[in-house]
Amino acid sequence: MSREKRLITRGLGEARPESVSDYEKLGGFAALKKALELPPEEIIAEIKKAKLLGRGGAAYPAGNKWEHLLRIPERPKYVVCNADEGEPGTFKDKLILDKLPLRLVEGMAVAGAVFRAAGGYIYVRGEYRAIQKRFQKALGSAREANYLGRNILGSGFDFDIEIVSGAGAYVCGENSALLNSTEGRVGRPRIKPPHLAEVGLFQKPTLVNNVETFASVPLVLEMGGRAYLELGHPESGGTKLVCLSGHVKRPGVYEIPLGSLTLRELIFDSDFGDGVPGGGAFKFGHLGGQSGPIFSQEKLDAVYSYADLRKAGLSVGSGAVVVMDSSVSVLAYLKKVAAFFVHESCGKCVPCREGNRAVLKRLSDLEIPSALSRSDLEDLANIAAAMSRASFCGLGQSAATHLKTAWKAFPAEFERNLRENAAFGAGAR
Amino acid sequence: MTKTPDAEAGFCRPSEERVLEILDSYGNDPQQLIAALLDIQEASGRNYVDRRAAELASARLKVPLTQVYEILTFYSMFATEPRGRCVIELCESAPCHFQEAERVLSWFENALDVKCGETDADGVFTLSRTSCVGACDGGPAARVGDEVFVNLTRDKVARLVKSLREDDPASREGL
C-alpha cells in the first residue's frame, strides 16, 4: 500500500476540477456550511488544535494568524491567497489551482466567513496564465451554486474572489510585496511592523495565506482539529504536498502525513522518487526552494516534518525536494542558485541586492585554482551572515541559506581551489 | 527612452483604439494596471508594450508615466522593445538547468538560427531564458506565451518550432 495520504488530493484525476457536484460528492463545501453557522472563535479553535502550519514556506501557525486578525476591530477585512509559487522546485500550488480549485475556493470562503471579509483576492503568478483562465471557470461554478456571491446559502453573507495576475517577480511571493503588486504597483516588500493583519491590502486588515494552507482548512473542519493533528506530527498536523524533482526517477507531487517518512524514503522508495536515474549516485538535495537548505547523504535519515527537519538544521519550506546526482558540482549548483537571486532581488535593500552579487562573484572565483585565499572565504562567510541578518525581507534573509548549508555539508569543495591548498602559487601574493 | 521602430513609424501596437478598449475593460482602474499591461502586450502581436501604449495607460488611468515604466521594467514578463510573435523562454532555474537545459538551448538556437536573447529577422521568434515556470517535474521545460512544454528533446524542439512557425496550435497538442 502506498504511504501517500490523499486528503488535499482526494478525488484528484477523478473529480472534474470545476464541477461543484463532483466536489460535493467528495464532501465538499461542508466546511463552508459549518463556517457560516458556527462562531468564528470555534472555527479558529479547530485550526489551532490542528496545528496547521503555513504551507508557503514560513511555517507560521495558521491558527495564530487567524486569531490575530479576528481580534482586530477595524473593517473592512480582506482575505488574500498567495499563489505566486515562484520557488524553483515547487509546483504543488499549481496542482491545486489546476486540478483541485474548489478545495481552495472553499478554504478561502471559510476564511471569508470567519472574518466576514469584504472580499477575497487570489494572486496567481503570471507564468500560470493558462491556469488562471481555468480557475476562473471554477469560480464561476462556485458562484452558480451560491457558494460565492451574494447571500451565500441564505446566510446573509456576501463574499467573492477575484483573480489577480502577477507578471514575473519572485519577490511577490513575499506577502507584503504581493499586496503591493495586487494594488497594481511594483512588488517590493513593505516594512514591518505594522503587521499585515493590521495594515494590509488597501491599508486594511488582511489575511494572507498560501494556496495549500487554504486548501487544508476545509479538511481540518471536516475531520476536526484533533484528528487532523493526529494524522500528522505532534507539532504540526496533517499532510504536506511534497514536490520531487531533479535527478529522481519519479518526479511529481506526493501528499504525505507530516512525520511519517524520512528523506531517504521520499527520494529512494519506489512509491515516491524511486532513486536516482541512469545508475547515478545521490549527491545532495535542496529543500523548500532556492531559499532553503542543501543537505548531503548524512542527513537522509531525517524525518520529513517541520520539527524533525529543524532539528537536523534543515526546513520544509515550500515542500520542494530537488535531488542532484554525483555528476553535479556543488559550486556549479550554488552559482545557479546565486544567479537566480541576483536576477530576482528586488533591489530595495543593499544586503540582498549587493550580497547576492558578491556571493555569485566569489562562487565563480572559487572555481578558479588559486584565485581566492582563505581570507576571501572568511569574507564570503561574513557576506552571507550580513545578508541573513540585515536584509529587509524574509526572502533576502534566506537568500544565503543555500550557501551556508552547502558549505557545511561539502567543505572540501569550497577549499579545494584556495591558494593555500593549491599545488602551485602557495604564498604567491 | 529609446524610441521603438513602431513609434518612429508613427503608429502604436496594438492600435490606440485597442489599447483604450483594454483599459476600459478594466474600468480604467489603476489597481488593474498590471493586468491591463499584460493584455496590451499580448495584443501587440510582438510581445512588448509600446511607448505610445504606455503613455495612453498613464493618461487614462491617471498614473505617472514613470510608474507605468516602473512596472514594465520591474516585472520580467514585460518588454519595452518589440520581440518575436512567439517568445520561447527556456527555464534556467536549477532543477531544469541540471537536466541538460543548456543542450535544449543549443537545439533551439540551431532550429531558430538566433542566439539566446535575440529576435529573428522575421520577427517570429525571440529566444530567452526565464526563472522557474513551475514545471520542474517535467524538466527541461520552456514557456511560450501561456503554454508550457516539458521533457524537451531534440525531436520535440523541432516539432515545437515548426508548429509555432506555422501558427498551428493543434499541431502541438501532446507536445
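The sections below set out a description of the structure shown in this document. (Residues numbered from 1 in each chain as written. Chains lettered and ligands numbered in written order. Predicted model: local features only at pLDDT ≥ 70, side-chain atom pairs only at ≥ 80, totals over all residues. Heavy atoms only, no water.)

Quick word on the overall build of chain A
Along its length, chain A carries 18 helices and 9 strands. Taking 2.2 N^0.38 as the reference for a compact globule, 429 residues should give roughly 22 Å; the C-alpha atoms of chain A span a radius of gyration of 22 Å, in line with that estimate. Judged by the C-alpha coordinates and their principal axes, chain A covers about 80 × 50 × 35 Å. Every one of the 429 residues in chain A was classed for burial, and the buried ones make up 59%. (Helix = DSSP H or I, 4+ residues; strand = E, 2+ residues; numbered from the N terminus. Rg over C-alpha atoms; globule rule 2.2 N^0.38 Å. Buried < 20%, exposed > 50% of the residue type's maximum accessible area, 1.4 Å probe, protein only.)

Description of the packing of aromatic side chains
Evaluation of the coordinates by the stated rule reveals 18 aromatic pairs over all chains. An angle of 55° between the planes, with centres 6.2 Å apart, marks the rings of Tyr78 of chain A and Tyr121 of chain A as tilted. Pair noted here: Tyr78 of chain A is in strand 1 (residues 78–83) and Tyr121 of chain A is in strand 2 (residues 119–124), with a separation of 43 residues, a long-range link. Neither Tyr78 of chain A nor Tyr121 of chain A differs from the other in exposure class; each is buried. An angle of 80° between the planes, with centres 5.5 Å apart, marks the rings of Tyr78 of chain A and Phe202 of chain A as edge-to-face. Placement of Tyr78 of chain A in strand 1 and of Phe202 of chain A in the loop between helix 8 (175–182) and strand 4 (206–210) is noted, with a sequence separation of 124 residues between them. Classification of Tyr78 of chain A by relative accessible area gives buried; the value is 13%. In this structure an aromatic cluster arises from ring pairing among Phe284, Tyr333 and Phe410 of chain A together with Phe98 of chain B. (Phe/Tyr/Trp six-rings, centres within 6.5 Å; stacked < 30°, edge-to-face > 60°.)

Things to note about the packing of helix 2 (residues 16–25) of chain B against helix 4 (residues 51–61) of chain B
Residue and element names in this part refer to chain B. The N-to-C vectors of helix 2 and helix 4 enclose an angle of 40°; their axes lie 10 Å apart at closest approach. The pairing of helix 2 with helix 4 is recorded here as oblique in orientation. For the pair helix 2 and helix 4, the sense of crossing is right-handed. In this structure, helix 2 contributes Glu16, Val19, Leu20, Leu23 and Asp24 to the contact, and helix 4 contributes Arg52, Ala53, Leu56, Ala57, Arg60 and Leu61. Considering only residue class, the contact of helix 2 with helix 4 consists of 7 nonpolar, no polar and 4 charged. (Axes fitted to C-alpha atoms, helices over the stretch in contact; angles between N-to-C directions. Parallel < 35°, antiparallel > 145°, perpendicular 65-115°, else oblique. Left-handed = near helix turned anticlockwise from the far one by under 90°. Contact = heavy atoms within 4.5 Å. Nonpolar A, V, L, I, M, F, W, Y, C, P; charged D, E, K, R; others polar.)

Describing the side chain of Asp22 of chain A
Relative to the assigned elements, Asp22 of chain A resides in helix 1 (residues 20–25). In contact with Asp22 of chain A, not counting residues within four places along its chain, are Glu14, Ala15 and Arg16 of chain A.

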